[in-house]
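Topology and contacts: notes
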Amino acid sequence: DASLTKREREYLRKAEEYKKHKDDSEVKAKLRDQFFQKHEAAEEALYLKRDAENAAAKRLRNEADSLWQSGQRDKAKELQARAKQHQEQARMWKQQAVDLDWRNNEEMFEYVQTR
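An account of the accompanying structure is given in this report. (Residues numbered from 1 in each chain as written. Predicted model: local features only at pLDDT ≥ 70, side-chain atom pairs only at ≥ 80, totals over all residues. Heavy atoms only, no water.)

Comments concerning the overall build of the protein
Of regular secondary structure, the protein possesses two helices and zero strands. Its C-alpha radius of gyration of 28 Å places the protein more than 25% over the 13 Å reference for a compact globule of 115 residues. The dimensions of the protein, computed from C-alpha atoms along their principal axes, are 100 × 20 × 15 Å. Across the 115 residues that make up the protein, the buried fraction comes to 18%. Only carbon and sulfur atoms are counted for the fraction: they give 53% of the accessible area of the protein, which is about 9,200 Å². Counting 26 positive and 24 negative side-chain charges, the protein places the centres of these two groups 2 Å from one another. (Helix = DSSP H or I, 4+ residues; strand = E, 2+ residues; numbered from the N terminus. Rg over C-alpha atoms; globule rule 2.2 N^0.38 Å. Buried < 20%, exposed > 50% of the residue type's maximum accessible area, 1.4 Å probe, protein only. Areas by Shrake-Rupley, 256 points an atom, 1.4 Å probe, with all protein chains shown as cover. Lys, Arg positive; Asp, Glu negative; His and termini not counted. Charge placed at Lys NZ, Arg CZ, Asp CG, Glu CD.)

What follows is the structure, given as structure tokens:
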């Protein structure tokens, strides 16, 4: 180090600072991405449940329509009632996903602000 000029030592110091800052930033970005992925997976699971309930409701409504057309009105009404239950369950899953998204956004904001 004694053979280096003041300018060279300053350059090396700044290069080392830059590398450390870059490495720190990469670590923070990786942790933030892992945090985000965890949140995303939980929300996606709720939306998949919602989609399954919507699909069941649609299937039951289609079956009920066919039964109604064939004159089996009591059975059709029963299937329509079951379809409505599935539709309500789908709305519940969606609301849970929206609520979770809001909480996750707040948590991510706090996480970013404190890092």
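Don't stop here, the text continues.
Concerning the packing of helix H1 (residues 6-69) against helix H2 (residues 73-113)
Running from amino to carboxyl end, H1 crosses H2 at an angle of 170 degrees, the nearest separation of the two axes being 8 Å. One way to sum up the angle between H1 and H2 is to call them roughly antiparallel. The hand of the H1/H2 crossing is left-handed. By residue class, the composition of the contact of H1 with H2 is 23 nonpolar, eight polar and 15 charged. (Axes fitted to C-alpha atoms, helices over the stretch in contact; angles between N-to-C directions. Parallel < 35°, antiparallel > 145°, perpendicular 65-115°, else oblique. Left-handed = near helix turned anticlockwise from the far one by under 90°. Nonpolar A, V, L, I, M, F, W, Y, C, P; charged D, E, K, R; others polar.)

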